[in-house]
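# Architecture at a glance
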Amino acid sequence: MTLISLLFVLMLEHLFNASAVLEKELNSHNWFQQWRLWISSKCQQSWFKNWAGIVIIIGIPVLLVELLYAADKGFLFWIFQLALSVLVMIYCLGPIDQNIHLKEYFDAVERDDLQSAYCHVEGYLDLKSDHPMPDDLLTLGRTVTRLILSQSNFRYFAVLMYFVLLGPAGALLYRLTGTFEFTVRDDESSPFRDKLRQMRTTLDWLPARLTGFLYSLAGDFTGAMSKLKHYLLEADHQNKQLLEETGLWALGIKEDACSNIIDENNQALALVSRSVVIFIVFIALMTVFGWLS
C-alpha cells in the first residue's frame, strides 16, 4: 500500500503538478484556516491557549483521517484507503507550483533584473520573512540554492517520510503543523507561535537528517557526509543549516560566491530529484523484503 500510494502520488505530481492544481482550483488549504478560527471562537478558555489548543486544532482532523484509514473491510475498503492516501498526500505536498515561479525567476536573472528575480521567488521560497532583498543577483542566486535545498525537506521529504512511518495521518500531522506555524509566526500576540515553532522544529529533526543522507547518496558522498556528521546528533535542531550545508557539499559547492546562478539553481533542483528517486528505491526494497506493508 505504501509503495503503491507513493508511486501514484509522484506520478500525478510529475505529470499534472497535482498539488498545485488542487490548491489553485479548490483553495484546498483554506479549510484549515476556517477550522482554526471556528474552533478558537468556540473555545476561549485560558486552557485552550496552550498545548491543549494545538492538540485540538491539529489533532481532530488527523484523528479523523486515522480512523478512516485504520478500518479494514475488504477489497473495496482497500481501494478507499488507497484513494484516501493519495488524496491526503497530494494535499500535503506543495502546493506552490515551483516550475512557474522559478521559470519567471530565471527569465529575470537572464535580464539582470534583480528586483523582478527577487519578487518571483520571495513567495515560493519564503524569502520575505527571513531574507531581505540581496544587493546583487549572485547573492540572490546562492540564497535560492540554499532555500531549494532546505525547503525541499518541508515541501517533500518530511511529508513522504512521515507518510511511510505513520501513514496518511502522519503526513497530515506534519503539514498541518507547518501550515499552522506559518499562519501565526508573525503574530506576536498569538499564544501558539512559540509552541508551534518548537513543535515543527522537533518534527523536522529526523527528516532533515534523513534528507541530508539522501543528498549525500545523490551527490558527493564524502563531502556531504563530512557536513552531515557535524549535525547528526546535535540536539539544538539546526535543521535548516544541516540541509543547506549538506546539500551544497553534495553538489561540490564550497566557495561562498555563486558563479553561475541558473546552472547552480538547476543543480540543486536536480539533486532534490535524484534524492526522491533514491528514496523511492529504498521504499521499494523495504517492501520487497517485507519490512513495509
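See above for the structure.
Residues numbered from 1 in each chain as written. Predicted model: local features only at pLDDT ≥ 70, side-chain atom pairs only at ≥ 80, totals over all residues. Heavy atoms only, no water.

Our next topic: the overall build of the protein chain. In terms of helices and strands, the protein chain carries 14 helices and zero strands. Order of helices (α) and strands (β) in the protein chain, N terminus to C terminus: α-α-α-α-α-α-α-α-α-α-α-α-α-α. For the protein chain, whose C-alpha radius of gyration is 20 Å, the value lies close to the compact-globule estimate of 19 Å for 293 residues. Along the first, second and third principal axes, the C-alpha set of the protein chain runs to 55 × 50 × 40 Å. Looking at the protein chain as a whole, 51% of its 293 residues are labelled buried. (Helix = DSSP H or I, 4+ residues; strand = E, 2+ residues; numbered from the N terminus. Rg over C-alpha atoms; globule rule 2.2 N^0.38 Å. Buried < 20%, exposed > 50% of the residue type's maximum accessible area, 1.4 Å probe, protein only.)

Structurally, the position occupied by Val144 is in helix 9 (residues 137-166). A residue is classified by how much of its surface remains accessible, and Val144, at 0% relative accessible area, is buried. Taking the C-alpha atoms as reference points, Val144 and Arg36, 108 residues apart in sequence, are found 32 Å from one another. Not counting residues up to four positions away in its chain, the partners in contact with Val144 are Tyr105, Val121, Leu125 and Asn265. (Contact = heavy atoms within 4.5 Å.)

Our focus in this paragraph is the nonpolar core. One finds Leu6, Ile58, Tyr105, Phe180 and Phe279 to be the most contacted residues of the largest nonpolar core, which totals 90 residues. Counting residues per element, this core draws most heavily on helix 9, which supplies 16 residues. When sequence neighbours within four positions are dropped, the list of residues in contact with Tyr105 reads Ala117, His120, Val121, Leu140, Gly141, Val144, Ile261 and Asn265. (Core = buried A, V, L, I, M, F, W, Y, C linked by side-chain atoms within 4.5 Å.)

Of all bends in helix 4 (residues 51-70), the biggest is about 40 degrees, found at Gly59, and the proline Pro61 comes one to four residues later. Turning to helix 4, its buried residues are Gly53, Ile54, Ile57, Ile58, Pro61, Val62, Val65 and Tyr69. (Bend = angle between axes of the 7 residues up to and from the residue.)

Here the focus is the packing of helix 7 (residues 114-122) against helix 9. Packing of helix 7 against helix 9 brings their axes to within 10 Å, and their N-to-C directions diverge by 15 degrees. When the axes of helix 7 and helix 9 are compared, the pair comes out roughly parallel. Note that helix 7 runs across helix 9; the crossing there is left-handed. Residue-level contacts link Leu114, Ala117, Tyr118 and Val121 of helix 7 to Leu137, Leu140 and Val144 of helix 9. Looking at the contact of helix 7 with helix 9 residue by residue, the classes come out as seven nonpolar, no polar and no charged. (Axes fitted to C-alpha atoms, helices over the stretch in contact; angles between N-to-C directions. Parallel < 35°, antiparallel > 145°, perpendicular 65-115°, else oblique. Left-handed = near helix turned anticlockwise from the far one by under 90°. Nonpolar A, V, L, I, M, F, W, Y, C, P; charged D, E, K, R; others polar.)

It is worth spelling out the packing of helix 9 against helix 13 (residues 239-250) at this point. Axes are the key here: two packed helices are described by the angle between their axes and the distance separating the axes. At a minimum axis separation of 8 Å, helix 9 and helix 13 run at an interaxial angle of 115 degrees. Judged by the twist between their axes, the crossing of helix 9 over helix 13 is right-handed. Of the residues in helix 13, those in contact with Arg142, Thr145, Arg146, Leu147, Leu149, Ser150 and Asn153 of helix 9 are Lys240, Leu243, Glu244, Glu245, Gly247 and Leu248. Across the contact of helix 9 with helix 13, the residue classes tally to four nonpolar, four polar and five charged.

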